[in-house]
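The chain contents come next:
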Amino acid sequence: MRASLLQVAVNEDESVESRRRRVAALVRDQAGADLVVLPELWTTGAFAYEGFGTEAEPLEGPTYEAMAKAASEAGVWLHAGSVPERDPGGTLYNTSLVFSPSGELAASYRKIHRFGFDKGEAVLMGAGEKLVTVRLPDTVMGVATCYDLRFPELFRGLVDAGAETFVVPAGWPERRRAHWTLLARARAVENQAFVLACGTAGTHAGVPQAGHSVVVDPWGEVLAEAGPGEEVLTVDFDPATVAGTRDRFPALKDRVLGLDRPRR
């Protein structure tokens, strides 16, 4: 399976519409890949809180339309990162969109863990409630977003739902880049799954972004890692490795705690 992670640079001197057109072209350039992944909130910037309200879209808004068309033209599965969604009641969500190679919406995921503590996303956006998996031809993809990476119970829930490959778009800050790689590897090892973590480059509202998108295998080995700037990170990996790893080292079968807790 071939995946291309598009580590998009998000800078204030580029308009949202211009970036949307540019990213759509980048997606179309990935024809031949099986899966293309975009970062979190790449239209606005994950730290550009003041723009969330003005740039929020309905689910089937301009980013939805542009990404659906790009996925169809490239013939790829597209995890289109996330956008600030405004639901019919006016609530904002950090919502990920996944499209099939025909351009159909395969899934949407509203981010469960909102970052910011008492400001930013944590107070401006509503929280999602549902875990989301998507069955691709060669793997089951579990969907999470940025700050979710710090909450291992979410990933355990995705494993219980059949996930073998986690896809994590993010707008991760440079000052905590060490945590980014560490947590991606931890989620891979403890769940014996692939992790495809795609971050942004550039600067959001004065916050330098980490970049360094990374692909990790079920043993925690880094298969590929990007640098700090805008980059397309392409990697070939074998999803069958997950089943083989879980068979040879069946640690998940020894789980004791949390098995009787209700899951959403």
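These figures come from a predicted structure and were not determined experimentally. (Residues numbered from 1 in each chain as written. Predicted model: local features only at pLDDT ≥ 70, side-chain atom pairs only at ≥ 80, totals over all residues. Heavy atoms only, no water.)

A short note on the side chain of Gln209
- Note on placement: Gln209 falls in the loop between strand E12 (207-208) and strand E13 (214-216).
- Taking the relative accessible area as the measure of exposure, Gln209 reaches 5% and is therefore buried.
- A polar contact of 3.0 Å, which involves the side chain of Gln209, links it to the side chain of Thr200.
- Within the structure, Gln209 has its side chain in polar contact with the backbone oxygen of Val207 (distance 3.1 Å).
- Apart from the residues lying within four places of it in its own chain, the contact partners of Gln209 are Phe47, Gly171, Trp172, Pro173, Glu174, Thr200, Ala201, Gly202 and His204. (Helix = DSSP H or I, 4+ residues; strand = E, 2+ residues; numbered from the N terminus. Buried < 20%, exposed > 50% of the residue type's maximum accessible area, 1.4 Å probe, protein only. Polar contact = N/O pair within 3.5 Å; in protein donor to acceptor, adjacent residues only side chain to side chain. Contact = heavy atoms within 4.5 Å.)

Let's talk about helix H1 (residues 16-28)
- Here H1 contains 13 residues, and its C-alpha end-to-end distance of 18 Å stays within 8% of the 18 Å for a straight helix at 1.5 Å per residue.
- Among the residues making up H1, those that are buried are Val16, Arg19, Arg20, Val23, Ala24, Leu26 and Val27. All buried residues of H1 lie within an arc of 160° about the axis, which places them on one face of the element.
- Close packing links the buried residues of H1 with strand E1 (2-7), strand E2 (9-10), strand E3 (35-37), helix H2 (52-55), helix H3 (62-74) and strand E4 (77-86). (Expected span 1.5 Å × (residues − 1). Arc of directions from axis to C-beta.)

Side note on the packing of H1 against H3
- Across the interface, H1 lies against H3 with an axial gap of 8 Å and an inter-helix angle of 20°. Of the possible angle classes, the one that applies to H1 and H3 is roughly parallel. Both H1 and H3 take part in a crossing whose hand is right-handed. Facing Arg20, Val23, Ala24, Val27 and Arg28 of H1, the residues of H3 in contact are Pro62, Thr63, Ala66, Met67, Ala70, Ala71, Glu73 and Ala74.
- Here the residues of the contact of H1 with H3 are counted per class, giving nine nonpolar, one polar and three charged. (Axes fitted to C-alpha atoms, helices over the stretch in contact; angles between N-to-C directions. Parallel < 35°, antiparallel > 145°, perpendicular 65-115°, else oblique. Left-handed = near helix turned anticlockwise from the far one by under 90°. Nonpolar A, V, L, I, M, F, W, Y, C, P; charged D, E, K, R; others polar.)

Considering the UniProt feature "domain: CN hydrolase" (unreviewed entry) in the protein
- UniProt tags residues 1-239 as "domain: CN hydrolase" (unreviewed entry).
- Strand forms 30% of residues 1-239 and helix 24%; the C-alpha atoms that close the span are 7 Å apart. (UniProt positions renumbered as here; feature names shortened; annotations may be inferred.)

Looking at the nonpolar core
- Residues Leu35, Val134, Phe166 and Leu196 are the most contacted members of the largest nonpolar core, which totals 49 residues.
- In this structure Val134 touches Trp77, Val98, Ala106, Ala107, Thr139, Val140, Met141 and Val143, once residues within four positions along its chain are discounted.
- The next biggest cluster of nonpolar side chains, apart from the first, holds 24 residues, and it includes Val23, Ala24, Val27 and Val83. (Core = buried A, V, L, I, M, F, W, Y, C linked by side-chain atoms within 4.5 Å.)

Concerning the environment of Asp247
- If you trace the backbone, Asp247 turns up in helix H7 (residues 240-248).
- Look at Asp247 and you get exposed, because its relative accessible area is 59%.
- Through-space distance from the C-alpha of Asp247 to that of Val143 is 24 Å; in sequence the pair is 104 residues apart.

Some words on the environment of Thr200
- Position of Thr200 relative to the elements: it lies in the loop between strand E10 (194-198) and strand E11 (201-204).
- Classification of Thr200 by relative accessible area gives buried; the value is 0%.
- Sequence separation between Thr200 and Ser102 is 98 residues; the distance between their C-alpha atoms is 26 Å.
- Ignoring any residue separated from it by four or fewer positions in sequence, one finds Thr200 in contact with Gln7, Val8, Val10, Pro39, Glu40, Ala170, Gly171, Gln209, Ala210 and Gly211.

Comments concerning the pairing of strand E8 (residues 140-143)
- The side-chain alternation of E8 yields two buried faces, one formed by Val140 and Gly142 and the other by Met141 and Val143.
- For strand E7 (residues 132-135) and E8, the ladder comprises four bridges, and the chain directions are antiparallel. When the bridges of E8 are listed, Val134 appears paired with Met141.
- As judged from the three bridges shared by E8 and strand E9 (residues 165-169), these two strands associate in the parallel manner. Its bridge partner being in E9, Met141 is matched across the sheet by Thr165.
- On the question of chirality, the crossover connecting E8 to the parallel E9 by way of helix H5 (residues 152-160) is right-handed. (Pairing = 2+ DSSP bridges. Right-handed = clockwise from strand over helix to strand, strands pointing away.)

A word on the sheet that holds strand E6 (residues 105-110)
- Read across the open sheet, the six strands follow the order E6-E5-E4-E3-E1-E15; overall the sheet is mixed. Single-partner strands in this sheet number two, and they are E6 and strand E15 (231-236). In this sheet, neighbouring strand axes are inclined to one another by 20° on average, regardless of whether the strands run parallel or antiparallel.
- As paired strands, E1 and E15 are joined by six bridges and run antiparallel to one another. Residue pairing across strands places Arg2 opposite Asp236, the latter belonging to E15.

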